[in-house]
Amino acid sequence: MIYDIRHITRFDYGIQVKFARCNLRLKPIDWPGQTLDDYRLTVEPVGRLGAARAEAGLANVTRLVIDTPVRTLSIESAARVTVDRLVPVPDATDPTLAEIAAWARDSGDPSAAGPANYIYPSPLIPLDRDIGDWCAVDLDPARGCLEAGMALGMRIQREFQFDGTATFVDTPPSEAFRQRRGVCQDFAQIMITGLRAAGLPAAYASGYIRTIPPPGQPRLVGADATHAWVLLWCGPVRGWVGIDPTNGIWMAADHIVMAVGRDYAEIAPVDGVVLGSGAQQMDVSVDVAPLDRGG
């Protein structure tokens, strides 16, 4: 699949903002099964762009500096990405969860993709005994890693209700778990909490998923949104395998990875500092358009 992705973030400020310094993590990374073919970043009305180093996680970071007073700011990210990724198939020869946990603890890989970086709690995904106990039902140490991971993802999809009004970006996993409702970020964080409680390396993936409309209905421009799911490290052969607990499916040809980190804070699409005393409103529009299969 080849996708054209258009991601627009617009800020409207109550009064003029005289200075802003932001980190933009909007350029999709190269990841197994996907290749970034083209990319363009546009900021209006003003702004200076420069490369920045990713302090944590796996992300392409651009530094944006605004030093001219503005009342509005529009950030448009346009990418073309080729995705060639098959649906994983669990196999009797897959390593067990016990083996995965042991390999991750003993891993000598210091890179941002090394599994040992993702077995510990992180600021937005702390340890939680209740979540760990609930997830443990599917995480028998003797169970194959892919089979167990998908079983947990599917149970979250069945037992939790998607509700865009139930939580906020800073809602802790414990609150979404108590309510049994939330959005993709909440479901990913709950699953990661449970996997890490079992000693397993689990990462937070941010990106996009193609929205497939009902039969006979047109695809609505702007109907898509940024998405979040889970990456589970399944050993040196399988590597990182994606599980989408919001939909109860594998990460495959419909998923585009933008960034990977321990939690959302490491890979937020836009963050930074704004000097101003007025209120601000942010609106985000995302369109994911397939270019083949008649799309």
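Not measured: the values here are computed from a predicted model.

Caption draft 1: Structural context of helix H3 (residues 145–159). Helix length check: H3 (15 residues) gives 21 Å between terminal C-alpha atoms against 21 Å at 1.5 Å per residue, within 8%. Of all the residues in H3, the buried ones are Cys-145, Leu-146, Ala-148, Gly-149, Met-150, Ala-151, Leu-152, Gly-153, Arg-155 and Ile-156.

Caption draft 2: Fine view of the nonpolar core. With 51 residues, the main nonpolar core has Trp-31, Leu-152, Ile-156, Leu-195, Leu-231 and Val-260 as its most contacted residues. The element contributing the most residues to this core is helix H5 (residues 184–197), with seven residues. Residues within four places of Leu-152 in sequence aside, it is in contact with Trp-134, Cys-135, Asp-138, Leu-139, Met-191 and Leu-195.

Caption draft 3: Fine view of the packing of H3 against H5. Where H3 meets H5, the closest approach of the two axes is 11 Å, and the angle between their N-to-C directions is 140 degrees. Here H3 is positioned oblique relative to H5, judged by the angle of their axes. For the pair H3 and H5, the sense of crossing is right-handed. Only Phe-187, Ile-190, Met-191 and Leu-195 of H5 make contact with H3, whose side of the interface consists of Gly-149, Leu-152, Gly-153 and Ile-156. When the residues that make up the contact of H3 with H5 are grouped by side-chain class, the tally is six nonpolar, two polar and no charged.

Caption draft 4: View of the pattern of salt bridges. Inspection of every chain in the model, using the stated rule, returns 13 salt bridges. Arg-48 serves as the salt-bridge partner of Asp-67, at 3.0 Å between the closest nitrogen and oxygen. Residue Asp-67 is found in the loop between strand S5 (60–66) and strand S6 (70–83), and its partner Arg-48 is found in strand S4 (residues 48–52); the two are separated by 19 residues along the sequence. Where Glu-266 meets Arg-262, a salt bridge forms, and the shortest distance between an N and an O atom there is 2.6 Å. Residue class for Glu-266 comes out buried when judged on its relative accessible area of 12%. Overlapping salt bridges, with partners in common, bring together Asp-138, Arg-143, Glu-147 and Arg-155 in one network.

Caption draft 5: Representation of the environment of Trp-250. Turning to its location among the elements, Trp-250 is positioned in strand S12 (residues 249–250). Counting along the chain gives 100 residues from Trp-250 to Met-150, while the straight-line C-alpha distance between them is 7.6 Å. Apart from the residues lying within four places of it in its own chain, the contact partners of Trp-250 are Val-87, Pro-88, Pro-90, Leu-146, Met-150, Val-241, Gly-242, Ile-243 and His-255.

Caption draft 6: Structural view of the packing of helix H2 (residues 129–136) against H5. Where H2 contacts H5, the two axes come as close as 8 Å, and the packing angle between them is 80 degrees. Between H2 and H5, the interaxial angle falls into the category roughly perpendicular. For the pair formed by H2 and H5, the contact residues are Ile-131, Gly-132 and Cys-135 on the first element and Ile-190, Thr-193, Gly-194 and Ala-197 on the second. For the contact of H2 with H5, the residue count by class is four nonpolar, three polar and no charged.

What counts as what
- Residues numbered from 1 in each chain as written.
- Predicted model: local features only at pLDDT ≥ 70, side-chain atom pairs only at ≥ 80, totals over all residues.
- Heavy atoms only, no water.
- Helix = DSSP H or I, 4+ residues; strand = E, 2+ residues; numbered from the N terminus.
- Expected span 1.5 Å × (residues − 1).
- Buried < 20%, exposed > 50% of the residue type's maximum accessible area, 1.4 Å probe, protein only.
- Core = buried A, V, L, I, M, F, W, Y, C linked by side-chain atoms within 4.5 Å.
- Contact = heavy atoms within 4.5 Å.
- Axes fitted to C-alpha atoms, helices over the stretch in contact; angles between N-to-C directions.
- Parallel < 35°, antiparallel > 145°, perpendicular 65-115°, else oblique.
- Left-handed = near helix turned anticlockwise from the far one by under 90°.
- Nonpolar A, V, L, I, M, F, W, Y, C, P; charged D, E, K, R; others polar.
- Salt bridge = Lys/Arg side-chain N within 4 Å of Asp/Glu carboxyl O.

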